[in-house]
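Observations on chain architecture
For reference, the chains in residue letters:
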Amino acid sequence: MYGGRSVLPPGATLSSRGKRLVASVLDLVLVFVTLVVGYIVWLLIAWGRGQTPGKQLLDMYVLDLERGRRATRGKMFRRWFVSNLLGILFQPWLALVDALWIFSNREKQRLTDKIVHTIVIDAPSDSRRKGRSR
């Protein structure tokens, strides 16, 4: 719910906390496996679909609550920037608070998601089939 209305596309559900954790760990592993440069290229492409590489592999994406659609590359950058700014300015403890924030609300949003108005959802089942058949 955002502004009293449901913004989830038909067939979509909020990603579970566990799946979000796995996607974050997967992103971290992929940074090293792809020797950073490959990850950055993949990240820039995935951002255009409202995803990170980890979210892409797990059929998840970031939904812009203000528009009711997948987050744009700009929104993904703001989300990344705010998350990293919190970690840099306030040290790792706030980055930990940001990550653990998903346990404090039923939308499973990180503090960063609250700030930039996003949620993470599983791709609707019909779009998963379309995406794999291409």
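Refer to the preceding data block for the structure.
Source: prediction; values computed, not measured.

Parameters and conventions
Residues numbered from 1 in each chain as written. Predicted model: local features only at pLDDT ≥ 70, side-chain atom pairs only at ≥ 80, totals over all residues. Heavy atoms only, no water. 1 Å grid on protein atoms, 1.4 Å probe; cavity = no way out; pocket = protein on both sides within 12 Å on 5 of 7 lines; lining within 4 Å. Points joined across faces, edges and corners; volume = space filled by probe spheres on them. Helix = DSSP H or I, 4+ residues; strand = E, 2+ residues; numbered from the N terminus. Nonpolar A, V, L, I, M, F, W, Y, C, P; charged D, E, K, R; others polar. Buried < 20%, exposed > 50% of the residue type's maximum accessible area, 1.4 Å probe, protein only. Pairing = 2+ DSSP bridges. Salt bridge = Lys/Arg side-chain N within 4 Å of Asp/Glu carboxyl O. Expected span 1.5 Å × (residues − 1). Arc of directions from axis to C-beta. Contact = heavy atoms within 4.5 Å.

**Topic: the layout of surface pockets**
Regions of empty space are outlined by a rolling probe, equal in size to a water molecule, passed over the atoms. Put simply, the largest pocket is a space of about 1000 Å³. Along the wall of the largest pocket there are 30 residues; nearest its centre are Ser24, Asp27, Ser83, Asp98 and Arg110. If you list the elements that add at least two residues to the lining of the largest pocket, you get helix H1 (17-33), helix H2 (37-47), helix H4 (73-89) and helix H5 (91-100). In terms of residues, the lining of the largest pocket owes the most to one element, H1, which gives 8 residues. For the lining of the largest pocket, the per-class residue count stands at 18 nonpolar, 5 polar and 7 charged.

**Brief notes about the pairing of strand S2 (residues 60-64)**
With 5 of 5 residues buried, S2 is to be regarded as a mostly interior element. Burial along S2 is two-sided: Met60, Val62 and Asp64 facing one way and Tyr61 and Leu63 facing the other are all buried. Bridge count between S2 and strand S4 (residues 118-122): 5 bridges; the pairing is antiparallel. Pairing of Asp64 across the sheet is with Thr118, part of S4. Pairing of S2 with strand S3 (residues 69-70) involves 2 bridges; the strand directions are antiparallel. Counted as the bridge partner of Leu63 is Arg70 from S3. Counting the residues that bridge the hairpin from S2 to S3 gives 4 residues, and of these Gly68 lies at a positive phi of roughly 75°.

**Observations regarding the pattern of salt bridges**
Across all of its chains, the model carries 8 salt bridges by this definition. The partner of Asp113 in a salt bridge is Arg20, and the shortest N-O contact between them spans 2.9 Å. Placement of Asp113 in helix H6 (residues 111-116) and of Arg20 in helix H1 is noted, with a sequence separation of 93 residues between them. Here the two residues Asp113 and Arg20 agree in accessibility, since each one is buried. Each of Arg20, Arg79 and Asp113 takes part in a single network of salt bridges with overlapping partners.

**Digging into H1**
The first and last C-alpha atoms of H1 sit 24 Å apart over 17 residues, in line with the 24 Å expected at 1.5 Å per residue. Listed in full, the buried residues belonging to H1 are Arg20, Ala23, Asp27 and Leu30. Looking down the long axis of H1, one finds its buried residues gathered within 85° of arc, a one-sided arrangement. Opposite its buried face, H1 presents the exposed residues Leu21, Leu28, Phe32 and Val33, each directed more than 90 degrees away. On its buried face, H1 sits against H2, helix H3 (53-57), S2, H4, H6 and S4. Looking one or two residues beyond H1, the residue adopting positive phi is Leu35, at roughly 60°.

Read these as geometric descriptors, not functional statements.
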